[in-house]
Structure formats: C-alpha cells, structure tokens
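Coordinate inspection notes
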Amino acid sequence: MAASLSVSEVYEIISNTVVPSGETIELPLDQSLGHFLAEDIASPTPIPAFTNSAMDGYAFSSTVLSSASPIRLPVLGAAFAGTPSNAATPSSAAIKVTTGACVPDAYDTVIPYEKVNAFEVDGCPHIEFNAFDIKPKANVRLRGEEIKAGAVVLSAGTRLSAAEIGLAAALGRSHLKCRRIRAAVFATGDELTEPGKPLRAGAIYDVNSHLIEASLRQWGVEVRNLGILPDDPDCQRSAIHNALHDCDFLITSGGVGESEKDFTTRVLAECGDVSHYFIRMRPGKPFSFGTLKGNARTTYFFALPGNPVAAAMSAKLFLREAVHLAAGTHAPLERLSARAATAVKGRLGRTDFVRGIIAFADGEYRFRPASSQSSAMLTSLVGMNAIAVFNEDSAGAEANEIIDVLRMPE
C-alpha cells in the first residue's frame, strides 16, 4: 500500500533527493535567455566605472554653493559621453557635460542647462545660477555606487531573463556558462488520442503531456515529448530506456497503478528506485517519484496525477521545485496574507490548495476562489493567479478572514 505523506514531507523527500544536474554549456549572451546560470558572476570593475553625469548640464564643485547668489563660473571645457575633458578643473570654474560624460574628480555636482544663464565675458563662456536652484552633489552617478568591484551580482542557479542578460552585458560578458536541464514527457493509455486527430468512441485527447511540456518550457527546461505510449511493456521499456540516456527528468501523469493493464510501474522498477505515495492534499493525491539509472546519468522520475488540474497543481508545487533544485537554486512560491472575499471550504486531515484570484484593493489583498475546484475542469485554472492554502488542521475560512495565499507560478 502506498505511503501517506504530508505536503511538507513530499518537499523534504524531493529536497533530499534532487541535486544540481544537467550539462554545463557555454552560450553566447544573446542565446542564454531562459537558461539557468551555472556560475557566479562577479563584477570585474566598479559600476559605474567612473563618476558620470546623470543629465546634460554643467559640472562644478559644490564648494561654490556656499557663496552668495547669484553664482558665476567660467566654463573651461566640455566632456561628452565617451570623450572626457582635458581642461583644467579649478574649484572656481565649471565644464559643460552631457548625460553619461565623465565628471572630473574635482567636481561633484551637475546643474541642468535650463537652470543656468549662459553668457560670454571677453570671449570666454560663463554660467550664472542661483545657489538654491541646485543641491550639493546632485545629478551625478558616483563610481561604484551601484556595484563594487568583485561583488557577485548574478548567482549560479539564476534563471536568465532580459534584465539579467542586460546586467551581464554591462559587465562585459559575451558568453555565459549555463545549466542545460532536459526532460522527456510521455503519456500512457490506450484511451488517449493526440490533439488534431478524430476521437474514436470512448477515447479522450491527451491533455497532460502537453500541459506538463508547456510548464517545463516556461521553467527553462528543454523538453522532448515522447507522445502517447500504448499499454505495451516492450514499447514502454524501449521508450524509457532511450530517454534515460539524455534527460534529467522523465515525467508522466497517471498510469502507475497496479491494474492488469498498467505496465509502467513494472518497467520503471527495472530502471531504478521509484516510490508511490498518497499525499494528504487536494487536488493531487496520487504521486510517484524516484530516480532511474541510464548509463552514468541519474534521471528523476515524476508521475503526476491523471486529472488535468491535479497534474498541473502537482507540477507547479513539486516538479517546479525539483527543476530549480536541479538547476542549483531554490524558488519558494511567494506567500501573502489576504482577506477571503467569500467563505472558502477546506477539510481537516489534508492540505487544501484552493485556486482563485488575488487582487490588491483598499490597502490589502483580497482572495476570491474559483467557482469550481474540480480536478477535471481545466477552465478552473484559466485566469487564476493565486492559491489559498489550508493546512491539515484547518477546515477552511469564513468570509473576511485573513488567510495564507501563494502566488500561482507560471
């Protein structure tokens, strides 16, 4: 009989089993989007590398602001982005600067063009302005004020979005070491039909393998869909053995029971150590997990529940966490407190994950559950952005109670 586990026990099993996995590859910067970083990246220089102007204007020393207004300064030179000034920089003078231009060490303040009166005296440009129009050290970006030299700015395990790629570019990186996580997804069952083909009597379309594949791709995993495997042990054995050579995860949904037509469990037993559990949660009670061996590679196996919503929720809660552990990081779901807009049902003795919508209004988050919590209704996932969590000692909440809510991951 399958063991009964709490949600926290499932997380513990996964965290004690999954270690950083996958192949480390070096990718050109512009091809690394969505991959997991496989190295810590430290800044080789301070950022900014030099003190520079935050706007077009005139740079000068803030010591002159103690003088009586109006302040008049000769302009002895100019600095442009990429072209520093070679002019002398006495504290009683100024230079013209553009945004991003290097500000000389002797100067620490920039006043914008529109706040000065520019004029000439004997052919020499001057500026005049009121001291109260500018604060000392305004409008300059100091050397190293964003990042100190040697500071780690991107850690191994980071999922690379456009922002991280831009930051890596700012550090001068043209290539990044990334971790390639690969998964194979399949479905079993003679009742399944690929979308796009006509349904025969008693058949249904394969939903779960496509749903799981899409989730994995959103999490930065390279996915190979093995399609629908028939209830035939030789066919399943061949497909699974082939997948074990080049995948870090092998995922199916349902199909690991003990019926006379279920061969998946027996085939998996030949390949490694897989355990079957009943999790005290709704949706998503059935769950199988373990490790399979293919040559020198260890592959993590997940069998998610058969009902589509239960499969999706188990993937978001457990498979997503395992993917991040394999990438060398940890990505807990964001937990918030929210006020229940309506009564929400739970049941003692299990953890209920209630799908719904969270919105911020009048200074607080409010949670409204989806109208249906059926594990078979995919429409109850569409548009939902949060999950209310009721632990095993909770029977739900009344309207207006404060409850724990997780932001639903992509």
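Relevant structure appears above.
In this report, we go over the structure that sits alongside the text. (Residues numbered from 1 in each chain as written. Predicted model: local features only at pLDDT ≥ 70, side-chain atom pairs only at ≥ 80, totals over all residues. Heavy atoms only, no water.)

The next thing to look at is the sheet that holds strand 3 (residues 36-37). Overall, antiparallel pairing links the 3 strands, which are arranged 2-14-3 in an open sheet. Edge positions in the sheet fall to strand 2 (23-28) and strand 3, since each of these pairs with one other strand and no more. As defined by bridge partners, strand 2 adjoins strand 14 (residues 175-180) across 6 bridges and the pair is classed as antiparallel. Pairing of glutamate 26 across the sheet is with lysine 177, part of strand 14. (Pairing = 2+ DSSP bridges. Helix = DSSP H or I, 4+ residues; strand = E, 2+ residues; numbered from the N terminus.)

Further remarks concern helix 3 (residues 208-218). Buried within helix 3 are the following residues: Asn208, Ser209, Leu211, Ile212, Glu213, Ser215 and Leu216. Taken together, the buried residues of helix 3 touch strand 15 (182-188), strand 18 (222-229), strand 19 (249-253), strand 23 (297-304) and helix 6 (308-326). Immediately beyond the C-terminal end of helix 3, within one or two residues, lies glycine 220, with a positive phi of roughly 90°. (Buried < 20%, exposed > 50% of the residue type's maximum accessible area, 1.4 Å probe, protein only. Contact = heavy atoms within 4.5 Å.)

Contact geometry for helix 1 (residues 7-17) and helix 6: axes closest at 10 Å, N-to-C directions at 25°. Classed by the angle they form, the pair helix 1 and helix 6 counts as roughly parallel. Crossing handedness for the pair helix 1 and helix 6: right-handed. Residues Val7, Val10, Tyr11, Ile14 and Ser15 of helix 1 form the contact with helix 6, whose participating residues are Leu317, Phe318, Glu321, Ala322 and Leu325. Of the residues contributing to the contact of helix 1 with helix 6, the split by class is 8 nonpolar, 1 polar and 1 charged. (Axes fitted to C-alpha atoms, helices over the stretch in contact; angles between N-to-C directions. Parallel < 35°, antiparallel > 145°, perpendicular 65-115°, else oblique. Left-handed = near helix turned anticlockwise from the far one by under 90°. Nonpolar A, V, L, I, M, F, W, Y, C, P; charged D, E, K, R; others polar.)

Following the criterion strictly, the structure yields 16 salt bridges and no others. The salt bridge involving arginine 182 is made with glutamate 23; its shortest N-O contact spans 3.5 Å. With a gap of 159 residues between them, arginine 182 in strand 15 and glutamate 23 in strand 2 connect regions that are remote in the sequence. Three or more residues are tied together by salt bridges with common partners; here these are Glu23, Arg180, Arg182 and Glu222. (Salt bridge = Lys/Arg side-chain N within 4 Å of Asp/Glu carboxyl O.)

Our focus in this paragraph is the sheet that holds strand 1 (residues 3-5). Strands sit in the order 1-20-22-23-19-15-18 across an open sheet of 7 strands; the sheet is mixed. Because the sheet does not close on itself, it has two edges, and the strands there are strand 1 and strand 18. When the angles between neighbouring strand axes are averaged without regard to direction, this sheet yields 25°. Running over the sheet, helix 6 touches strand 19, strand 20 (272-279), strand 22 (286-294) and strand 23 and is turned about 165° from strand 23.

So, on to the side chain of arginine 350. Inspection of the secondary structure assignment puts arginine 350 in the loop between strand 25 (344-345) and strand 26 (351-361). Sequence-distant contacts of arginine 350, defined by excluding residues within four places in its chain, comprise Arg280, Met281, Arg282, Phe390, Asn391 and Glu392.

Another point: the nonpolar core. Taken as a class, soluble globular proteins show a tendency for nonpolar side chains to be buried jointly. In this structure, Leu216, Phe249, Phe302 and Leu319 are the most contacted members of the largest nonpolar core, which totals 47 residues. With 12 residues, helix 6 is the single largest residue contributor to this core. Filtering out sequence-adjacent residues up to four positions away, phenylalanine 302 remains in contact with Ile14, Phe249, Leu250, Ile251, Thr252, Phe287, Ser288, Phe289, Phe318, Leu319 and Ala322. Judged by nonpolar contacts, the second largest core, of 16 residues, contains Leu244, Cys247, Val267 and Phe301. (Core = buried A, V, L, I, M, F, W, Y, C linked by side-chain atoms within 4.5 Å.)

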